[in-house]
Every structure is written in C-alpha cells, then in structure tokens.
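Read off the chains here:
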Amino acid sequence: KEFIWLVIKGSMLSCITLGIYVPWFIAGLMRYFADGLSHGFSRLSFRGKGGRLFSVIVLALIVPMVVAMLLIGIATGVNLSGESGVAILCVLVALLVMIVAMTFYQIYYYGWYINLTYGGRRIVLGCKAGALFWTVLGEMVLSFLSLGIYLPMALLRIYRAFAREIVVGDKLIDAR
C-alpha cells in the first residue's frame, strides 16, 4: 500500500512538474527499498537527497548537452554559409562535450546512489570523480566503437571499478 502510494504520488508530481520532481521521486524509491532491508540488528538506510541528484542532472548532464546542441546549431548555420571546416570543428567539439559530460554524469550519478548507512557506518564512494574518469570514458568509447556489442562488458567493468572504490566506515570493500 505504501509503495503504491509512493509510485502514484511520484508519477503524478513528475508529470505535473514536467519531470523536475523525478530526482526526489527516485530518492524516495531508494529510501523505501533501503529502509526495508536489515541484517541482524542493523538496518540499511539510504542518505541521498533529491536536491543533490537534481543538481547532478542539471550541472553534469543538461547544461553540457545544451552547450553541445548550441554548437551543433552553430555548425548548421556555418555550414549553410559555406564554411564546412568550421562546421566540422563545431560538431567535433560538441561530440567531445557530450562524451565528457556523459562520463562525469555517470560518475556523479553512481556516486549519488552509493550513499548509505549500515550499522552506524557510512557506505560511500571513496574516490574523486577524476579517479574513475579514464575507466568510464574508455569503456564508453569501446562501447561506441563496437556499435553497442561491447556494452554489457563495459557496464560490468564500470560496475567493478565503482565497487572497488566503495568505503564502509574506515574499511574498503574488496569487490574482486
């Protein structure tokens, strides 16, 4: 009953706000599922906030994508005027912006998900975004070059890279 109400409320608010409420809806779902888990006498608790996810989505995804779309629009206008070299440069810069933005978005998004407490200890991603950047970027490029065939392996390798960086209190979890 509680879950159904959470989904109905979240879906309606997401539609009414044209998707702006989605991060808070996701945070509520994560909190609902985490609060239902326990082991022994310790409960799992999700600590992520919807406002933080909203800022990750806006700053790491929407703003760079708007910049990339503006560059593609400029490339189209420049190409119509006969400057194809500048148009190609604008498209390449737009692609670079999108790839880098998607890489950082993925890192910050997963980092947001790994924000829990269990038995009085915090469970968080224990590294900075730069430490995972090249791994995620490399896997994304390989997936793109293989036309998606490599994607399942890329997702597993990215998951493994994140799992190696999870910290519980003072101890590092070994995901191997």
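In this text the structure is predicted, and so the values were computed from the model without any measurement.

This part covers the side chain of N115. Inspection of the secondary structure assignment puts N115 in strand β3 (residues 115-118). What N115 contacts, discounting residues up to four positions off in sequence, is S45, F46, R47, G48, R122, I123 and V124.

This brings us to the pairing of strand β4 (residues 121-125). Sheet topology places β3 next to β4; four bridges connect them, and they run antiparallel. Paired with L116 across the bridge in β4 is I123. Between the end of β3 and the start of β4, which pair antiparallel, lie two residues, with G119 showing a positive phi angle near 60°.

A few words now on the side chain of T103. Assignment of secondary structure puts T103 in helix α4 (residues 84-113). A polar contact of 2.8 Å, which involves the side chain of T103, links it to the backbone oxygen of I99.

This part covers the pattern of salt bridges. A side chain with one charge can pair with a side chain of the opposite charge if their charged atoms come near. All chains considered together, the criterion is met by one salt bridge. Its salt-bridge partner being R157, residue E139 comes within 2.8 Å of it at the nearest N-O pair. Of this pair, E139 sits in helix α5 (residues 129-145) while R157 sits in helix α6 (residues 151-164), and the two are 18 residues apart along the sequence.

Together, F3, I4, W5, I8, M12, L13, I16 and F33 give the surface a local cluster of nonpolar side chains, amounting to about 820 Å² of exposed area. With seven residues, helix α1 (residues 2-16) is the largest single contributor of residues to the nonpolar patch. Position of I8 among the secondary structure elements: in helix α1.

A positive phi is found at L18, a non-glycine position, where the angle reads about 55°. Of the residues examined, L18 reaches a relative accessible area of 78% and is grouped as exposed. In this structure, L147 is a non-glycine residue whose phi angle is positive, near 60°. With respect to the helices and strands, L147 occurs in the loop between α5 and α6.

Counting residues in hydrophobic clusters, the biggest one holds 34 residues, and the most contacted among them are L53, Y105, I107, W112, I123, L132 and F162. Counting residues per element, the ones that place at least two in this core are α2 (22-35), β2 (42-46), α3 (50-80), α4, β4, α5, α6 and β5 (166-168). Sort the elements by how many residues they give to this core and α3 lands first, with eight residues. Apart from the residues within four sequence positions on either side, I107 is in contact with A129, L132, F133, V136 and F162.

Basis of the calculations
Residues numbered from 1 in each chain as written. Predicted model: local features only at pLDDT ≥ 70, side-chain atom pairs only at ≥ 80, totals over all residues. Heavy atoms only, no water. Helix = DSSP H or I, 4+ residues; strand = E, 2+ residues; numbered from the N terminus. Contact = heavy atoms within 4.5 Å. Pairing = 2+ DSSP bridges. Polar contact = N/O pair within 3.5 Å; in protein donor to acceptor, adjacent residues only side chain to side chain. Salt bridge = Lys/Arg side-chain N within 4 Å of Asp/Glu carboxyl O. Patch = residues over 30% accessible without salt bridge, like charges linked within 9 Å, V, L, I, M, F, W, Y side chains within 5 Å. Areas by Shrake-Rupley, 256 points an atom, 1.4 Å probe, with all protein chains shown as cover. Buried < 20%, exposed > 50% of the residue type's maximum accessible area, 1.4 Å probe, protein only. Core = buried A, V, L, I, M, F, W, Y, C linked by side-chain atoms within 4.5 Å.

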